[in-house]
Amino acid sequence: MIGLTVLGATGSIGVSTLDVLARHPSRFRAVALTANRDAERLAEQCRRHRPRYAVMADPQAAQHLGELLADLPDRPEILAGVEGLEQVATLPEVDYVMAAIVGAAGLRPTLAAALAGKRVLLANKESLVVAGALLMRAIADHGAELLPIDSEHNAIFQCLPPNFKQGLAQVGVRRILLTASGGPFRTWPIDQLAAVTPEQACAHPTWEMGRKISVDSATMMNKGLEVIEACWLFGTDADHIQVVIHPQSVIHSLVQYEDGSVLAQLGNPDMRTPIAYAMGWPERIASGVNPLDLFAVARLDFYEPDLERFPCLRLAYEAARAGGTAPAILNAANEIAVAAFLERRIPFTRIAAVVAQTLDALPTESLDGQGLEFLLEVDQRARAQAERFVQDQGI
Ligand code: NAD
Ligand code: MG
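In this report, the structure presented in the accompanying data block is examined.

Conventions we followed
Residues numbered from 1 in each chain as written. Chains lettered and ligands numbered in written order. Predicted model: local features only at pLDDT ≥ 70, side-chain atom pairs only at ≥ 80, totals over all residues. Heavy atoms only, no water. Helix = DSSP H or I, 4+ residues; strand = E, 2+ residues; numbered from the N terminus. Buried < 20%, exposed > 50% of the residue type's maximum accessible area, 1.4 Å probe, protein only. Contact = heavy atoms within 4.5 Å. Lys, Arg positive; Asp, Glu negative; His and termini not counted. Charge placed at Lys NZ, Arg CZ, Asp CG, Glu CD. Pairing = 2+ DSSP bridges. Axes fitted to C-alpha atoms, helices over the stretch in contact; angles between N-to-C directions. Near = heavy atom within 4 Å. Polar contact = N/O pair within 3.5 Å; in protein donor to acceptor, adjacent residues only side chain to side chain. Areas by Shrake-Rupley, 256 points an atom, 1.4 Å probe, with all protein chains shown as cover. Nonpolar A, V, L, I, M, F, W, Y, C, P; charged D, E, K, R; others polar. Domains from an automatic or database assignment. Donors = N, O, S within 2.8 Å, 3.2 Å for Na, K, Ca; no water. Core = buried A, V, L, I, M, F, W, Y, C linked by side-chain atoms within 4.5 Å. Phe/Tyr/Trp six-rings, centres within 6.5 Å; stacked < 30°, edge-to-face > 60°.

## Points about the overall build of the chain
Link 1 in the chain: A tally of helices and strands in the chain yields 16 helices and eleven strands.
Link 2 in the chain: For the C-alpha atoms alone, the extent of the chain along its principal axes is close to 55 × 50 × 45 Å.
Link 3 in the chain: Considering the chain as a whole, with its 395 residues, one finds that 57% of them fall into the buried category.
Link 4 in the chain: For the chain, restricting intrachain contacts to residue pairs at least 6 apart in sequence, the fraction spanning at least 24 positions comes to 68%.
Link 5 in the chain: Computed over 34 positive and 46 negative side-chain charges, the separation of the two mean positions in the chain equals 3 Å.

## Quick notes on the sheet that holds strand β7 (residues 145-148)
Link 1 in the chain: With parallel pairing, seven strands are arranged side by side in an open sheet as β4-β3-β2-β1-β5-β6-β7. One side of each edge strand has no neighbouring strand; the edge strands of this open sheet are β4 (77-80) and β7. Each strand of the sheet is rotated relative to its neighbour by a mean of 20°, with strand direction disregarded.
Link 2 in the chain: Where helix α2 (residues 39-49) meets the sheet, its contacts fall on β2 (28-35) and β3 (53-56), and the angle it forms with β2 comes to roughly 170°.
Link 3 in the chain: Its contacts with the sheet place helix α3 (residues 59-68) against β3 and β4, and it is angled at close to 165° to β4.

## With respect to the site of ligand 1
Link 1 in the chain: The environment of ligand 1 is made up of 23 residues, and the closest members are T10, S12, N36, E126 and G210.
Link 2 in the chain: Take N36: an N or O atom from its main chain is 2.9 Å from an oxygen atom of ligand 1.
Link 3 in the chain: Within the contact set of ligand 1, an oxygen atom lies 2.7 Å away from a side-chain nitrogen or oxygen of E126.
Link 4 in the chain: Taken by itself ligand 1 offers 830 Å² of open surface, and the protein chains cover 86% of this.
Link 5 in the chain: At the level of secondary structure, the elements contributing two or more residues to the shell around ligand 1 comprise α1 (12-22) and α6 (125-141).
Link 6 in the chain: Of the residues belonging to the shell around ligand 1, the class tally is 13 nonpolar, seven polar and three charged.
Link 7 in the chain: Inspection of the shell around ligand 1 shows a minimum of three residues originating in each of domain 1 (2-148) and domain 2 (163-268 + 289-310).

## Some points on the coordination of the magnesium ion (ligand 2)
Ideal geometry at a metal centre gives angles of 109.5 degrees when four donors are arranged tetrahedrally and 90 or 180 degrees when six donors are arranged octahedrally.
Link 1 in the chain: The coordination sphere of the magnesium ion (ligand 2) contains the protein donors D150 (OD), E152 (OE) and E226 (OE), at a distance range of 2.1 to 2.2 Å.
Link 2 in the chain: Between consecutive donors of the magnesium ion (ligand 2), the numbers of intervening residues give the motif D-x1-E-x73-E. With E152 in helix α7 (residues 151-159) and E226 in helix α10 (residues 221-234), this pair connects stretches of sequence that are 74 residues apart.
Link 3 in the chain: By relative accessible area, which is 1% here, E226 ends up buried.

## Some points on the nonpolar core
Inside soluble globular proteins, nonpolar side chains tend to come together where they are buried.
Link 1 in the chain: Of all hydrophobic cores here, the largest spans 136 residues; its most connected members are F234 and L330.
Link 2 in the chain: Ranked by the residues each element gives to this core, the list is headed by helix α14 (residues 326-342), at twelve residues.
Link 3 in the chain: Setting aside anything within four residues of it in sequence, one finds L330 in contact with M221, L225, I228, L315, A316, A319, V355 and L359.

## Description of the packing of aromatic side chains
Link 1 in the chain: The final tally for this structure, using the stated rule, is eight aromatic pairs.
Link 2 in the chain: Ring centres of F157 and F164 lie 6.0 Å apart, and the angle between their planes is 85°; on these two criteria the pair is classed as edge-to-face.
Link 3 in the chain: F157 gets classed as buried once you look at its relative accessible area, which sits at 13%.
Link 4 in the chain: Ring geometry for F157 against Y277: centres 6.3 Å apart, planes inclined by 75°, an arrangement best described as edge-to-face. Taken as a pair, F157 in helix α7 and Y277 in helix α11 (residues 272-280) lie far apart in primary sequence, 120 residues in all. Each member of the pair, F157 as well as Y277, is classed as buried.
Link 5 in the chain: Taken together, F157, F164, F234, Y277 and W281 form an aromatic cluster joined through their ring pairs.

The structure is reproduced here in C-alpha cells:
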C-alpha cells in the first residue's frame, strides 16, 4: 500500500486527488489530509477517507475540526500550523506527497517532503517559482522524485524521453510549446478589461479551478508562472519555451524535436488525468476521466499570445530571464494583487500594474549561497511593497 499525504485536500486539486485515490483502494491509502480553514469540508473528507492525521493550518480551525470529529471512532490525530503540515509531509509511512496548497504558503511543506526523499506530486507551481533552485537541489540530493501535476508540465513530461535530465538539447529537443487557453477575456475589447468582476474572472471557459489560479489564468500570469516552472522542471530557459494559445484546452502541451517531429499529449480538460499519471507512474491507472472524442472536439485552434492584452505574461518572461530574486518578487506581488482584486480593492487591470511597480521598486538580487530564510524574507518584503501599491491606487 502506498501512503499518501494530500496537502490542500479541500481544494480543487485535493478533491480530484481523493477521487482518483478512492478508485484504487488496494493501491493507495490516505495517511494525512490538510486544509487551511475549511474544517467542515476536511471533517467530511476524514469520515470518508479515514486518514491517520488531519492538519489545519489555522489553529482555531484545528480546534473546530476536533469538535466535528469527536464522535468518530479511530479519529485522526489533529495537528495545526505549518509545523503540522511539515510533519505530515515527512512521516515514515508516507510515500507520496500531493503538494496542492495554493501560493507560496505551500513552499515549506513541499520542501520538507523533498528533503525527506518522498515522491512529490507537484501542483503548487508557486513553490518552484519562488524557490526553484532550492527545491530542485533538495529533490536531487535526497533521492526524492518530482512529478508534475500541472497539466502542461505533465504533458511535457509524457512527451520527453526518459533521459531528458541529460539536457534538452542533448536529447534532441528544439523547444517546448506550452499551451494556454487564453482564459475568459481572450477576445474581449481591451478597454473593457478594467471593469471585469471577480465572478467573470473566475468563470474559466475550460477548467474548473480555485479562485487564485482562475484569476491568474484570466491575466495569463498563470502561463508566466508555468514558463518559470517549466524552466526548473526540464532544465531549460525561457527562450526555449513558446506559449501557444489553444482555446479548446485539448492539447495540454507539446515538445518540438530537431528532426521536425512534434509530440503532443491530448485529453479532456480534467485534472484527474495528470494526477492519475503521476500517482501511477511509470504505470497507467484509471482516472475516471471520459475518453477523448475527437469527433466532438472537431477542431483545434492556435494563436500567438498578445502581450499587450496580457502584460503579466511579459512580466513573467522578464522575471524568468532576470533570475535571482525576480521570480519570487513577481509571485509575491501577484498573490497580493490577486487577493486585492478578489476583495474588490483594485480593478482587474491593476494586477499587472502592481506586479510591475513592485518589480521596479525592488532590485533583483542574486540567490548564490542563499537559503530558504532569505527567500522567505524577500517574499515578505515584496508582499509589503505590493500592499503599499495596492493602497496607493493613484501611483
Ligand atoms: P484551491 O484554492 O482550490 O485549494 C487550495 C488548497 O490549499 C485548499 O485545500 C486550502 O485549504 C489550502 N490552503 C490555502 N491557503 C493555505 C495556507 N496558507 N496554508 C495551508 N493550506 C492552505 O486551489 P487549487 O485550484 O486546488 O490549486 C492548488 C495549487 O495547484 C495551486 O498552486 C495551483 O496553481 C495549482 N494548480 C491547480 C490546477 C487546478 O486545476 N485547480 C491546475 C494546475 C495547477
Ligand atoms: Mg496549468
